[in-house]
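An overview of the molecular structure
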Amino acid sequence: MLLMTIAAPTGTPLGTGGKLLGSVGAGAVAIALFVLLVFGIRGKGMITLKSRGAFVVGFLAIAACTTAGQVWTLVPDAGASLGESISASLSGAGFGKVGMGGICLIATILTLVINITPAVGGWAGLILSSFFSAAGGIWMAAPLILTTTLTNLLAKVSA
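I will try to describe carefully the structure that is included in this document.

Analysis parameters
- Residues numbered from 1 in each chain as written.
- Predicted model: local features only at pLDDT ≥ 70, side-chain atom pairs only at ≥ 80, totals over all residues.
- Heavy atoms only, no water.
- Helix = DSSP H or I, 4+ residues; strand = E, 2+ residues; numbered from the N terminus.
- Expected span 1.5 Å × (residues − 1).
- Buried < 20%, exposed > 50% of the residue type's maximum accessible area, 1.4 Å probe, protein only.
- Arc of directions from axis to C-beta.
- Contact = heavy atoms within 4.5 Å.
- Core = buried A, V, L, I, M, F, W, Y, C linked by side-chain atoms within 4.5 Å.
- Phe/Tyr/Trp six-rings, centres within 6.5 Å; stacked < 30°, edge-to-face > 60°.
- Axes fitted to C-alpha atoms, helices over the stretch in contact; angles between N-to-C directions.
- Parallel < 35°, antiparallel > 145°, perpendicular 65-115°, else oblique.
- Left-handed = near helix turned anticlockwise from the far one by under 90°.
- Patch = residues over 30% accessible without salt bridge, like charges linked within 9 Å, V, L, I, M, F, W, Y side chains within 5 Å.
- Areas by Shrake-Rupley, 256 points an atom, 1.4 Å probe, with all protein chains shown as cover.
- Salt bridge = Lys/Arg side-chain N within 4 Å of Asp/Glu carboxyl O.

1. Regarding helix α2 (residues 26–42)
Counted at 1.5 Å a residue, the expected span for α2 with its 17 residues is 24 Å, and the 24 Å between its end C-alpha atoms agrees. By the burial criterion, the buried members of α2 are Ala 26, Val 29, Ala 30, Leu 33, Leu 37 and Gly 40. Each buried residue of α2 lies within a common arc of 115° when the element is viewed along its axis, so the set occupies one face. Summarising the contacts, the buried residues of α2 are in contact with α3 (51–68), α6 (118–135) and α7 (141–157).

See the structure below:
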């Protein structure tokens with residue numbers, strides 16, 4: 001009975017859409033996650049993000065940007081360009097072929113072993129998600145699963 005109330009038809013007290021959240025798109029989710037990241041890192045409200053929580057929110061924010069498309073793809077594209085620049089710099093400096101997979105491995109290890117602040121954790125989540133998508137292979141599994149899940153969830157929640 002409760003589920004029927006949540007998915008009630010138009011003109012109900014829940015609003016014109018009849019859905020609990022109304023119309024929520026991937027752009028709104030991206031904005032919400034960036035707001036959560038920025039204000040959660042500041043830690044002056046009811047929600048305070050620690051370094052690992054900020055990492056997860058940053059990682060999810062990139063998945064939302066990828067799902068939203070349009071102008072939002074600038075964020076993951078900038079991260080991917082950064083990773084490719086680092087890879088090219090290391091490869092050109094005599095370290096042998098590094099590649100994006102190598103950059104992902106190095107960045108993941110650094111994120112896990114260095115004691116980081118919430119702000120650095122948020123940046124690491126944003127950057128690593130972009131690196132993972134650009135690297136392909138097994139690295140792309142987490143961003144791909146998140147984007148697919150978000151796309152399917154938004155299709156069910158929104159009109």
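Back to the text.
2. A word on the nonpolar core
Among the nonpolar cores identified, the biggest contains 16 residues, and Val 29, Leu 33, Leu 37, Ala 64 and Leu 154 are the most heavily contacted of them. Sorting the residues of this core by element identifies α2, α3 and α7 as the ones contributing at least two each. Take this core: its biggest share by element is six residues, from α3. Not counting residues up to four positions away in its chain, the partners in contact with Ala 64 are Ala 26, Val 29, Ala 30, Leu 33 and Leu 150. In terms of nonpolar packing, the next biggest core, distinct from the first, is built from 11 residues, Phe 55, Met 100, Ile 103 and Ala 107 among them.

3. So, the packing of aromatic side chains
Enumeration over the complete set of coordinates arrives at four aromatic pairs. Through a chain of ring-to-ring contacts, the aromatic side chains of Phe 55, Phe 59, Phe 132 and Trp 139 assemble into a single cluster.

4. Here we look at helix α4 (residues 74–92)
Relative to the 27 Å expected for 19 residues at 1.5 Å per residue, α4 spans 26 Å between its end C-alpha atoms, a close match to the ideal helical length. Buried within α4 are the following residues: Pro 76, Gly 79, Ala 80, Gly 83 and Ser 87. Along α4, the residues classed as buried sweep out an arc of 100° about the axis, all on the same side. Exposed and oriented more than 90 degrees from the buried face of α4 are Leu 74, Ala 88 and Gly 92. Packed against the buried residues of α4 are α3, α5 (99–113) and α6. Backbone geometry just downstream of α4 places Gly 94 in the positive-phi region, at approximately 90°.

5. Some thoughts on the packing of α3 against α7
Closest axis-to-axis distance for the α3/α7 pair is 9 Å, and the angle between their directions is 60°. Taken together, the axes of α3 and α7 lie oblique to each other. For the pair α3 and α7, the crossing hand works out as right-handed. Residue-level inspection shows Phe 59, Leu 60, Ala 63, Ala 64, Thr 66 and Thr 67 of α3 in contact with α7, the latter providing Ala 142, Pro 143, Leu 146, Thr 147, Leu 150 and Thr 151.

6. So, a nonpolar patch on the surface
On the surface, a nonpolar cluster with roughly 650 Å² of combined accessible area is contributed by Leu 105, Ile 106, Ile 109, Leu 110, Leu 112, Val 113 and Ile 114. Secondary-structure assignment places Leu 110 in helix α5. Leu 110 sits in the partly exposed class, given a relative accessible area of 43%.

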